[in-house]
Amino acid sequence: MSVALAEGNLLDVVDYRGGFRGPDGEVTEVLAGVSFGLRRSTLTAVVGETGSGKSLTALSVLGVQPRGFVRTGGRMLFDGEDLFAGGPRSFERVRGNRISLVFQDARAALNPVFTVGHQLIDVCRAHRRLGRKEAEQVVLDMLERVRIPDPLRRMRQYPHEFSGGMAQRVMLAMALVSEPELLVLDEPTTGLDVTIQADIMDLLVELISSSGLTACLITHDLGVVAQTCQDVVVMRSGTVREIATCEELFTAPRDEYTRDLLAASRLVEAR
Amino acid sequence: MSALFGRSRSVLSRLVGALVVVLGVVTLTFFLARVVSPDPTNLYVSPQADQATRDQVRAMMGLDKPVLEQYVTYLGQLVRGDLGTSFSTGQPVRDDLLSRLPATLELATYSLIIGTLVGVVVGIVGAVRRGGILDHTGRFVTVAGLALPQFFVGLMLLWIFFVVLGIAPGPVGRLPVGLVDPPQTTGFVVIDALLSGQWAVAGAALQQLALPLITLAFAIFAPIARTVRTAMLEALDADYVRTATAMGLPQRTIHYRYALKNVLLPVLTMLAGVIGFAFSGAVLVEGVFAWPGIGQYALDAIQQSDFAAIQGFVLYAAVLYVVVYLLLDLLYARVDPRVRL
């Protein structure tokens, strides 16, 4: 499947390949040439079942793939510049600065022995030239924007004192505090209660649209996709099966696998 | 307010628990001593002595009374701070222990500082440069430290540096024969000598100290280095380190603050055990170097079946471990916010 490199995409993943090196030194390919682009100021969903390589692709955008993963080919063009071309340095330049990542299971993703405020201020000051007091204020404002009640008190608490939903809001604040251009969301609502999932998604959509961010939502929840995203990339077994606008995908899916997915999610029946 | 109350109450319950442990150790050693040698009079009177003499000795030692009564008497003495009298030195066990404590403290303190520092550095470097030449070297030395018994390390050092090379003094204790102890202020000979301006004495004391210090520090370094390396590797693989990396924090911050504070927890636990080991006189190290500390005293007491001395030593070690672990619990709660006392 070929994808035209549209002018003005913020991120283009081009024929990205890689796999895990086994004990025999052989690389088992799990990403077999992934290509898609993210249009500026849009929310693009990457959907697919477990093991389709969607999370792996997302983590690769920041070069934080799990240990043992080896890239075997492809490019990752961020704002026209190949992130792989400059070695690890080019990732360091964009990490948390121009591209931010929201992990699933925020409680585990935060450091258990530092207060939430401490971690947020560290991230803030790593990217913006601010004094401690100023950074504190920026973090406080950000916690208010992600609607954490009583943020001043919450800043002094540790991750284990947060519920899953509140921790995910902290994670979101951490991703946004450096004012990135691209926000990658790796299954941000997996593992949360359904009502809280909806709250978090509402908040996400609001934050993204209000600040003109480009965002990439990794998910397997087609219901969420239908409500929130403009573009959809369907992945399976390390390949892209279909790229479409949200409307096209739900009204006229071209790929057979997409149709199966839609059928399985029972969204088509509702139509 | 209620949290404060709850905290002091739980500290109190820990203290009670600690007392129970000490009482258990005291009881166990008392009865073990009676089982091992129900009639220790044989150790003190000649085999040809007549029954009257034996009875006299038994009465003097309180051995003619029922065991339970002896036990109660013993506990009563302990409460008054009386650990009994050593049969081999003829001194109260408490005085014996106190006079030997400085030697143990001096050796243990220096060894703990050096062993821990080197262990932490080697462990961290190994984890950060995983698989590199420094890591392999560090692991090799660590395994050696874990596998080789301390008396063997001590004897090898003596053989190389004293017998073969002749650059280290022989194992004759804290000072070479002929030198007089400096006036005692801290009990640490090196420091006391420096305080009183006796440079030659301080130098000689340092030379005496070198080999036992290396031996003990080596034994302390190995488990610390291993624990630090394992914990650091785990921390570097943890989700929060991945988060910090993705958020673009500098690698220095990630390694030496985000990961290291998590590493502190298992290291504290290991450190508590090592501190107990070193301060209870590292019996084998003191034995090899004739170091006049608590460990050497315990070794002598065991060889001579000096029960009051053995019981005194065991009590000292038990109290030491209990206190160290109690402090560890308090410290743990400060480092790990998830731990509530």
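Residues numbered from 1 in each chain as written. Chains lettered and ligands numbered in written order. Predicted model: local features only at pLDDT ≥ 70, side-chain atom pairs only at ≥ 80, totals over all residues. Heavy atoms only, no water.

- The name that an unreviewed UniProt entry assigns to chain B is ABC transporter permease, with the source organism given as Nakamurella leprariae.
- Recorded in UniProt under Sequence similarities (unreviewed entry), the annotation for chain B is "Belongs to the binding-protein-dependent transport system permease family."
- Looking at chain B in UniProt, the text filed under Subcellular location (unreviewed entry) is "Cell membrane". (UniProt positions renumbered as here; feature names shortened; annotations may be inferred.)

- Chain A is annotated in an unreviewed UniProt entry as ABC transporter ATP-binding protein from Nakamurella leprariae.
- Looking at chain A in UniProt, the text filed under Sequence similarities (unreviewed entry) is "Belongs to the ABC transporter superfamily."
- Recorded under Subcellular location (unreviewed entry), the UniProt text for chain A is reproduced unchanged: "Cell membrane".

### Re the overall build of chain A
Thought 1: Secondary structure assignment for chain A yields 12 helices and 10 strands.
Thought 2: Here the C-alpha coordinates of chain A stretch approximately 55 × 45 × 40 Å along the principal axes.
Thought 3: Partitioning the contacts of chain A with sequence separation of at least 6, the portion at a separation of at least 24 is 67%.
Thought 4: Computed over 30 positive and 36 negative side-chain charges, the inter-centroid distance for chain A is 5 Å. (Helix = DSSP H or I, 4+ residues; strand = E, 2+ residues; numbered from the N terminus. Contact = heavy atoms within 4.5 Å. Lys, Arg positive; Asp, Glu negative; His and termini not counted. Charge placed at Lys NZ, Arg CZ, Asp CG, Glu CD.)

### Quick word on the domain arrangement of chain B
All names here are of chain B.
Thought 1: Taken as a whole, chain B is organised into domain 1 (2-79) and domain 2 (94-334).
Thought 2: Between domain 1 and domain 2, the C-alpha centre-to-centre distance is 31 Å.
Thought 3: With 18 residues of domain 1 in contact, the opposing surface of domain 2 contributes 12 residues.
Thought 4: Summed over both sides, the interface between domain 1 and domain 2 buries roughly 1,300 Å², with carbon and sulfur atoms accounting for 75% of that surface.
Thought 5: On inspection of domain 1 and its partner domain 2, the count reaches one salt bridge.
Thought 6: The shortest N-O distance in the salt bridge between D329 and R14 comes to 2.5 Å.
Thought 7: Where domain 1 packs against domain 2, one counts two residue pairs in polar contact (both at pLDDT 80 or more).
Thought 8: Among the secondary structure elements, those contributing two or more residues to the side of domain 1 that touches domain 2 are α1 (2-36) and α3 (67-79).
Thought 9: The leading source of residues in the side of domain 1 that touches domain 2 is α1, at 12 residues.
Thought 10: Across the side of domain 1 that touches domain 2, the residue classes break down as 14 nonpolar, two polar and two charged. (Domains from an automatic or database assignment. Buried area = accessible area lost by both parts, 1.4 Å probe. Salt bridge = Lys/Arg side-chain N within 4 Å of Asp/Glu carboxyl O. Polar contact = N/O pair within 3.5 Å; in protein donor to acceptor, adjacent residues only side chain to side chain. Nonpolar A, V, L, I, M, F, W, Y, C, P; charged D, E, K, R; others polar.)

### Examining the UniProt feature "domain: ABC transporter" (unreviewed entry) in chain A
Thought 1: When the UniProt feature table is mapped onto this chain, "domain: ABC transporter" (unreviewed entry) is found at residues 8-262 of chain A.
Thought 2: Secondary structure over residues 8-262 of chain A splits into 40% helix and 28% strand, and the C-alpha atoms at its two ends are 30 Å apart.

### Focus: the sheet that holds strand β2 (residues 27-39) of chain A
All names here are of chain A.
Thought 1: The sheet built from four strands is open, its strands ordered β2-β1-β4-β5 with antiparallel pairing. Edge positions in the open sheet fall to β2 and β5 (81-82), since each of these has one partner strand only.
Thought 2: Where strand β1 (residues 9-21) meets strand β4 (residues 69-78), eight bridges bridge the pair, whose relative direction is antiparallel. Looking at β4, one finds that F20 is bridged to F69. (Pairing = 2+ DSSP bridges.)

### Points about the interface of chain B and chain A
Thought 1: Tallying the contact residues gives 21 residues for chain B and 27 residues for chain A.
Thought 2: Sorting the residues of chain B by area buried against chain A places R242, M247 and Y258 of chain B first, and these three jointly supply 29% of that buried surface.
Thought 3: The interface formed by chain B and chain A includes two salt bridges.
Thought 4: The partner of R257 of chain B in a salt bridge is D122 of chain A, and the shortest N-O contact between them spans 3.2 Å.
Thought 5: The interface formed by chain B and chain A includes 10 residue pairs in polar contact (both at pLDDT 80 or more).

### Examining the UniProt feature "domain: ABC transmembrane type-1" (unreviewed entry) in chain B
Thought 1: On the UniProt side, "domain: ABC transmembrane type-1" (unreviewed entry) is annotated at positions that read residues 101-332 of chain B here.
Thought 2: As annotated, residues 101-332 of chain B comprises 78% helix and 0% strand, and the C-alpha atoms at either end are separated by 28 Å.

### A few points about unusual backbone geometry
Residues and elements named next belong to chain A.
Thought 1: One non-glycine residue, S41, lies in the positive phi region at around 55°.
Thought 2: Structurally, S41 can be placed in the loop between β2 and β3 (43-47).
Thought 3: Phi angles above zero are rare outside glycine, and D150 is one such case at about 55°.
Thought 4: Along the chain, D150 falls in the loop between α5 (132-145) and α6 (151-155).

### Looking at the layout of surface pockets
Thought 1: Counted as a void, the largest pocket has a volume near 1,000 Å³.
Thought 2: Looking at the largest pocket, it is lined by 28 residues, and the ones nearest its centre are G63, V64 and R95 of chain A together with T245 and Q251 of chain B.
Thought 3: Elements with a contribution of two residues or more to the lining of the largest pocket: β4 and α2 (88-94) of chain A together with α4 (93-128), α8 (199-236), α9 (239-246) and α10 (251-279) of chain B. (1 Å grid on protein atoms, 1.4 Å probe; cavity = no way out; pocket = protein on both sides within 12 Å on 5 of 7 lines; lining within 4 Å. Points joined across faces, edges and corners; volume = space filled by probe spheres on them.)

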